[in-house]
Each structure stands twice: as C-alpha cells, then as structure tokens.
Amino acid sequence: MDTETKLDILMSLAADDHEGRPGSDVVLPPRLRNMRKAGALRPFNLRDVRVGSSGPKAKLFRILMTNACSFNCHYCPMRRDRELPRTLLKPQEMVRIFLHVLARGWASGLFITTGIPAHPVKVMDDLITVLELLRERHAFRGYIHVKIVPGAETAQVDRITALANRVSVNLEAPCGDSLTAIAPEKRIETTLVALRRAQQRVVEGRAEEREGRPRDALLPQGAAGLTTQFVVGATPDTDHTIMGKTVELYAAGGVHHTHFSAFRPIRDTPLENARGAPPLREHRLYQADHLLRDYRFAYEELVFGADGNLPLAHDPKVAWALAHPEQFPLDAFTASYSALLRVPGIGPLSARRLVEQRRASTVRGLSDLQKLGVAITRAQGFLAWKGKRLGAERWKEQLSLWDVEEAQTLGMRNDVFEFSPGTFR
Ligand code: SF4
C-alpha cells in the first residue's frame, strides 16, 4: 500500500464515529471536509526520523492537529488572515487514527504539532488529552514528540513534558524585536517562559534518572530533550546572533537540538514579496550546530563573515581550518582525538577508529585512512602521516567549490510557496 493510500484511509477514519464509516461513502463532519483540499497542509504524514543521536531510523506519524490559527504571523501559511481550507482534529480522533497506524505497523512513534485556533490554554488541554489517552488508556509506551505553544500554563508544560519523550517550543527569532516584526502578536518573553519551564523539567527528569529513578515509558519526562526552531532570513538577525541564542539555550541544558528553517515567502502573506533565504544558509547553520554539539567546538571559534553570517562558500569546519593555518598539516599518526575531530573530512567515528587502529602495521597511508572512514578528498590537504604531508595541493585549492555569489543563490529560486517545512515543527 503506498503512502497516499494509507493517508486516505486515515483521513476517512477521522469520520468514524460521526456521520460515516471508514472506507467509501464517508461523510466527514464540516470541520474535516477540507482535509483533502488542504494540499501540503493536510493533517497527516509519515516520516523516517532518527529518534536518538545514533541508532536506526524510526517511522514517525506526524499529525497537524489543526491548521487554523488565531495568530497572524507574517511568515506563516496558517496565519489568521490567509485564505486556506481549515481543518481540526479532535483529541479522540487523533488517538483513534494513531492507534490504527500502530496496529498496521505504518509507524511506531508520533509527532503532534498544531496551529493555535483558540486560547493557548485550550490548545494545550487538547494536546494533553491526546497524550493522556495514549499513555493511560491505551498504554502506548512508544515515542511521542509534541509541540508546546506559547502561552501554555506552567502546570500544562509540566504535564505534557512528563508524558512526552520530546517537546518542542519554537522561538522563531532570537530576540524580541525581530520576533515582533514578523509575529506582531507574539512576545518572546511568553515563549521563553514555556521553553525554560520545559527545559527545567527535562533537566530535573534526567537528574532523577541519574540518581536511580528507572525510566518509565509511560511517563518519560521529556528524556529525549527539547527542540526549538528559528526562521532564518525572515528577520535581519545574523547567523552570529542566531547561533549565540542557540548556545545560550544549550548551556541551560535539556535542549537536544535546534532547527533552522530557511525563510520561504508564502503566497498571500505580508512577506510574499520578501526574498527567501538560501537553503545553503540553513545548511551552514546546521553544520555549525553540529560542530558545537558533536565536534567540541566553542561558539567563539565559529568563523563568521563581516556581515555576521557563516560563509556560504565553504562549510564552518573548513572556515575554521582556513582561519587556523598554524594547526595544519596535522599528523594523523600522533594527533589527539580532539585535534583529529577538527580536520575537515574526519568525523567522530573516523577519528575514534584512527586513534584505535593507527598503530597497526596495516595502516600505512592515505588509502588505509580512507578505509577507516576519513573523507580523503577533503582531509588530505590538512593531514600528514609520520611527518610526511599527505596532500600535494594546498587546502585552499580544494575549496573553491563555489564562488560566493553562486553560493548565496544556490538552491534558491525566487519562488513563492504555499507552505514552509518549518510549519510542521
Ligand atoms: S507561526 Fe504558529 S502561531 Fe503563528 S500563525 Fe503560524 S501557526 Fe499560528
């Protein structure tokens, strides 16, 4: 059965206890009649995601509880003033649909996001009802990731974080003025109250586990951490500012990762004629984020251009290496794990293998390093082996992949879109 067919079945299930039955001749209640018309904003999709930092990918069922919203954020396809077929799933419907997905093995985990059609407290009550039904009535022990909306009450943040494996609280912009410019009804302080409370609950839950409390799959206490999102390029905020805020959030603990969503101008919104952000900028932010989380880089070591953004023409690790010629070539035979991690083309796995196996007589040079996982074409200009340089060419010559102008527009056509990927986080 293809995904489309599965999703059609699921949509028909939403009518189950109303005027129709799953299958043919389904009559959906009025608030669901636009489900098939809602196009890219339709309420379900199935996604492969890696739930932990390693391990196999899991299939996640994503539900958009509603695409109706009482807010009017300038960048958002679901904003109040935009003509859009609206739909709304009730908590019991979402639960029934997800149980159907589980029973057929189409996914093993759930991600719930939503617009804010009513008071945020009511929206949070509905989300909590979904999680309570799944955990308490149906004993669902699997992965749930749920969005917390700005304006949630403290007790609601506590309850939903206790029930979920992961929660997200989307900041959208790194500072109050820029958030208000693109989302006039939002206040960063309100979002930060929810975010910091969720962070605190995750940190406390982890501390309790370290002290011996066994993990309860029905009350995982947000153990998989928190996520947030920034819309990149909709405001004048630079990558320097965005990464600075990201680092501040990481320092307080409990945040698993940050999403960076390149701004796309959406049809029939106040920003329809604004210029979209290059997807490559989003990619560079993710790379810089990986340097902080997985490669032991400090924020102060990231290299930003004069405009405050990460260079587009080469990745942040290469930018750092170019800014530190005194560190290279690095002798891969003697260098520490931390030093190896800083070489373009060497990741945590290949650095670990190198340290463990480089003394073996079978490791003699470039092709053997490749077998250990080193990306030779990128790394060789930065490496030596037993005192002998491995790459004949200087590293600068390896790096002229794109000129800057090309990099700025790479992947970005001046299109106007109907939705943006960030809508579903
Ligand atoms: S960003 Fe969120 S709050 Fe703003 S209009 Fe979109 S769904 Fe509503």
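Residues numbered from 1 in each chain as written. Predicted model: local features only at pLDDT ≥ 70, side-chain atom pairs only at ≥ 80, totals over all residues.

**Points about the pairing of strand β6 (residues 226-232)**
Within β6, 5 of the 7 residues are buried, which leaves it mostly tucked inside the rest of the structure. Two strands pair when backbone bridges link them, and strand β5 (residues 166-168) and β6 are joined in this way by 2 bridges, in the parallel orientation. Opposite V167, over in β6, you have L226 as the bridge partner. Where β6 and strand β7 (residues 255-262) come together, 7 bridges link them in parallel fashion. Looking across to β7, one finds that T227 is bridged to H257. Crossover handedness for the path β6 to helix α7 (residues 239-251) to β7: right-handed. (Buried ≥ 20, exposed ≤ 12 C-beta atoms within 10 Å, placed from the backbone. Helix = DSSP H or I, 4+ residues; strand = E, 2+ residues; numbered from the N terminus. Pairing = 2+ DSSP bridges. Right-handed = clockwise from strand over helix to strand, strands pointing away.)

**So, the environment of A183**
Tracing the chain through its elements places A183 in the loop between α5 (176-182) and α6 (188-210). The exposure class assigned to A183 is buried, which follows from the 24 C-beta atoms found within 10 Å. Along the chain, A183 and Y75 lie 108 residues apart, while their C-alpha atoms are 7.8 Å from each other. Residues contacting A183, with those up to four places away along its chain left out, are F71, C73, H74 and E172. (Contact = placed C-beta atoms within 7 Å.)

**Thoughts on unusual backbone geometry**
Note the cis peptide between F328 and P329, where omega equals 0 degrees. Here P329 lies in the loop between α9 (316-323) and β8 (330-331). Unusually for a residue other than glycine, E172 sits at a positive phi of about 70 degrees. Tracing the backbone shows E172 in the loop between β5 and α5. Owing to 23 C-beta atoms within 10 Å, E172 belongs among the buried residues under this scheme. Located in the positive-phi region is R296, a residue other than glycine, with phi close to 60 degrees. Among the residues examined, R296 registers 13 C-beta atoms within 10 Å and is labelled partly exposed.

**Some points on the site of the ligand**
Every residue close to the ligand is listed here: C69, F71, C73, C76, M78, R79, G115, I116 and A183. Within the shell around the ligand, the residues separate by chemical class into 7 nonpolar, 1 polar and 1 charged. (Near = placed C-beta within 6 Å. Nonpolar A, V, L, I, M, F, W, Y, C, P; charged D, E, K, R; others polar.)

**Focus: the sheet that holds strand β3 (residues 109-113)**
Strand order across the open sheet formed by 7 strands is β1-β2-β3-β4-β5-β6-β7, with mixed pairing between neighbours. Because the sheet does not close on itself, it has two edges, and the strands there are β1 (44-50) and β7. Taking each pair of neighbouring strands and ignoring which way they run, the sheet shows an average axis angle of 20 degrees. With 7 bridges connecting them, β1 and strand β2 (residues 57-64) associate as antiparallel partners. The residue of β2 that forms the bridge with F44 is I63. The strands that α6 touches are β5, β6 and β7; relative to β6, the one it contacts most, it runs at about 150 degrees. (Axes fitted to C-alpha atoms, helices over the stretch in contact; angles between N-to-C directions.)

**Comments concerning the confidence of the model for the chain**
In low-pLDDT regions, the fine details of the predicted coordinates are not to be read closely. Averaged over all residues, the pLDDT of the chain is 88; the fraction at 70 or higher stands at 88%. Contacts from residues 399-404, a stretch scored under 50 in pLDDT, to residues over four places away or in other chains number 10 contacts. (pLDDT = per-residue confidence, 0-100.)

**What to know about helix α4 (residues 154-163)**
Considered for burial, the residues of α4 that qualify are Q156, V157, I160, T161 and L163. Seen end-on, α4 carries its buried residues on one side only, within an arc spanning 160 degrees. Exposed side of α4, more than 90 degrees from the buried face: T154 and A155 are the residues found there. Where α4 is buried, its residues meet α3 (120-137), β4 (144-147), β5 and α6. (Arc of directions from axis to C-beta.)

**Some thoughts on the sheet that holds strand β9 (residues 383-385)**
The strand order β8-β9-β10 describes an open sheet built from 3 strands, whose pairing is mixed. Each edge of the open sheet carries a strand with a single partner, namely β8 and β10 (388-389). Note: β9 against β10, 2 bridges, orientation antiparallel. From the neighbouring strand, W385 faces β10, where its bridge partner is K388.

**Observations regarding the nonpolar core**
Of all hydrophobic cores here, the largest spans 98 residues; its most connected members are L127, L131, I148, I160, A198 and V232. Counting residues per element, this core draws most heavily on α3, at 7 residues. Counting residues domain by domain, this core receives three or more from each of domain 1 (3-278 + 416-424) and domain 2 (316-404). (Core = buried A, V, L, I, M, F, W, Y, C linked by C-beta atoms within 7 Å. Domains from an automatic or database assignment.)

**Considering the packing of helix α2 (residues 91-103) against α3**
Where α2 contacts α3, the axes come no closer than 9 Å and their chain directions differ by 40 degrees. By the angle between their axes, α2 is oblique relative to α3. When the axes of α2 and α3 are compared, the crossing they make is right-handed. Contact residues: α2 offers P91, M94 and V95, while α3 offers D126, T129, V130, L133 and L134. Of the residues assigned to the contact of α2 with α3, the class counts are 6 nonpolar, 1 polar and 1 charged. (Parallel < 35°, antiparallel > 145°, perpendicular 65-115°, else oblique. Left-handed = near helix turned anticlockwise from the far one by under 90°.)

**Quick look at the environment of R50**
Locating R50 in the fold gives a position in strand β1. Residue classification places R50 among the exposed residues on the basis of 10 C-beta atoms within 10 Å. For the pair R50 and L60, spaced 10 residues apart in sequence, the C-alpha separation works out to 9.3 Å.

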